[in-house]
Amino acid sequence: MPTTPPPPVDVTALVPALAAYARQTVRLHPRPGAPTAADSSLGGPLAWPLGEPWPYCHPGRWDHTFDDAPREPVPFVPVLQVYARDAPQLPYPPGTDLLQVTWCPFDHNPYSAPIPRLDWRDSAGFHQPAAIPAPHHASPRTTVPAPCTVSPEPVLEYPSWDLPRDLYYAIRSATPYDFDAELSVAPGTKLGGYPSWCQLPEWPACPACGTTMEHLATVASLECDPGGERWLPAGSRLRQPSGLLLGDVGSIFLFTCTACPHRPYESVFQNS
């Protein structure tokens, strides 16, 4: 199982105030493979209920950003599937144990990127998963993830741009290491913790109750940014295992509101 190397220094020993901001994230460490619908995966087959229609993007609802997008219905593609047994830290609604993420592979407004759909499910009744349609023949290869197995690993991380500025600069002054690249937020596809922002923070507010939503998951183009080799598991050099290239090496961040029983969600796309 891939294991994240320890940080080169205990930054909270240098700046104790940082300890209050620690959060646990779950790095998924996707690797090319052949997952089944019974597995947690990135880009693998989903345990889709028999009788439930597969989601499509329909011509009457186009908000695609390019005129050469298909004019017939486009099936969503599987992106992420996570069973509670592999990541019990997620805020599964009562009666569910499965998180599924799909999206239309064509870019959409307002981000010129796919906009995810999120489903929480109870996997107990999935004795025979439904068949999943193949991606549209014109789908960009860079937004259809190749099937990958995952190896969830809990890791402690700290915010970077979400810190108060005086604390952020105090940390940067206290250590010779690059705080942003080596000591703060874990990069790559992950669950919970902090978003590894590519630009300034964009925490969405819940459309139902107005509270700031929680980071649920990140689907990233790269598992490790150049300059952030500290996060590469020992013996691994896979930076783009799923083949995803979202925009200009960007990431899609998923957020949810745990204060609302129906778990509303939002997504944010940022380019690096």
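Relevant structure appears above.
Residues numbered from 1 in each chain as written. Predicted model: local features only at pLDDT ≥ 70, side-chain atom pairs only at ≥ 80, totals over all residues. Heavy atoms only, no water.

Between Asn109 and Pro110 the backbone carries a cis peptide bond, its omega angle lying at 5°. Its location among the elements puts Pro110 in the loop between β7 (98-103) and β8 (116-121). For Arg263, which is not glycine, the phi torsion reads 55° and is therefore positive. Residue classification places Arg263 among the buried residues on the basis of a relative accessible area of 11%. (Helix = DSSP H or I, 4+ residues; strand = E, 2+ residues; numbered from the N terminus. Buried < 20%, exposed > 50% of the residue type's maximum accessible area, 1.4 Å probe, protein only.)

It is worth spelling out the packing of aromatic side chains at this point. In this structure the tally under the stated criterion is 9 aromatic pairs. Seen from their ring centres, Tyr168 and Tyr169 are 5.2 Å apart, and the 75° between their planes marks the pair as edge-to-face. With relative accessibility at 1%, the residue Tyr168 sits in the buried group. According to the relative accessible area criterion, Tyr169 is partly exposed, its value standing at 47%. Taken together, a centroid distance of 6.1 Å and an interplanar angle of 20° make the contact between Trp197 and Phe255 stacked. Within this pair, whereas Trp197 is found in the loop between β11 (190-192) and β12 (214-220), its partner Phe255 is found in strand β13 (residues 251-256), the two being separated by 58 residues in sequence. Each member of the pair, Trp197 together with Phe255, is buried. One aromatic cluster is present, built from ring pairs that chain together Trp161, Tyr168, Tyr169 and Phe179. A cation over an aromatic ring shows up here: Arg121 above the ring of Trp48, its NZ or CZ 4.3 Å from the ring centre. (Phe/Tyr/Trp six-rings, centres within 6.5 Å; stacked < 30°, edge-to-face > 60°. Lys NZ or Arg CZ within 6 Å of the ring centre and 35° of its normal.)

With that settled, the discussion passes to the nonpolar core. If you look at the biggest cluster of nonpolar residues, it comprises 27 residues, and the most contacted ones within it are Val79, Leu80, Val82, Leu90, Leu99, Trp103 and Leu191. Ranked by residues supplied to this core, first place goes to strand β6 (residues 77-83) with 4 residues. With residues up to four places along the chain from it excluded, the contact list for Leu99 reads Leu80, Gln81, Val82, Leu90, Tyr92, Leu118, Asp119, Trp120 and Leu216. Val15, Leu167, Ile171 and Phe179 belong to the second-largest nonpolar core, a separate cluster that totals 10 residues. (Core = buried A, V, L, I, M, F, W, Y, C linked by side-chain atoms within 4.5 Å. Contact = heavy atoms within 4.5 Å.)

What the 6 strands build is an open sheet, ordered β10-β1-β11-β12-β13-β14; its pairing is antiparallel. Since the sheet does not close on itself, it has two edges, and those belong to β10 (153-157) and β14 (265-270), each with one partner. Taking each pair of neighbouring strands and ignoring which way they run, the sheet shows an average axis angle of 25°. With 6 bridges connecting them, β12 and β13 associate as antiparallel partners. In the sheet register, Thr218 faces β13, and the bridge partner there is Phe253. (Pairing = 2+ DSSP bridges. Axes fitted to C-alpha atoms, helices over the stretch in contact; angles between N-to-C directions.)

Turning next to the layout of surface pockets. Taking a probe equal in size to a water molecule and rolling it over the atoms shows the remaining empty space. By volume, the largest pocket amounts to about 470 Å³. Lining the largest pocket are 27 residues, with Asp180, Ser196, Trp197, Cys198 and Asp225 sitting closest to its centre. Grouping the amino acids of the lining of the largest pocket by side-chain chemistry returns 14 nonpolar, 10 polar and 3 charged. (1 Å grid on protein atoms, 1.4 Å probe; cavity = no way out; pocket = protein on both sides within 12 Å on 5 of 7 lines; lining within 4 Å. Points joined across faces, edges and corners; volume = space filled by probe spheres on them. Nonpolar A, V, L, I, M, F, W, Y, C, P; charged D, E, K, R; others polar.)

Structurally, Pro261 can be placed in the loop between β13 and β14. The class for Pro261 is exposed, based on a relative accessible area of 72%. With 168 residues separating them in the primary sequence, Pro261 and Pro93 have C-alpha atoms 7.2 Å apart.

The next thing to look at is the sheet that holds β7. Pairing is antiparallel across the open sheet formed by 6 strands, whose spatial order is β2-β9-β3-β6-β7-β8. Each of the sheet's edge strands pairs with one partner strand only, and the pair in question is β2 (31-32) and β8. Pairing geometry for β2 and strand β9 (residues 148-149), over 2 bridges, is antiparallel. Bridged to Arg31 within β9 is Thr149.

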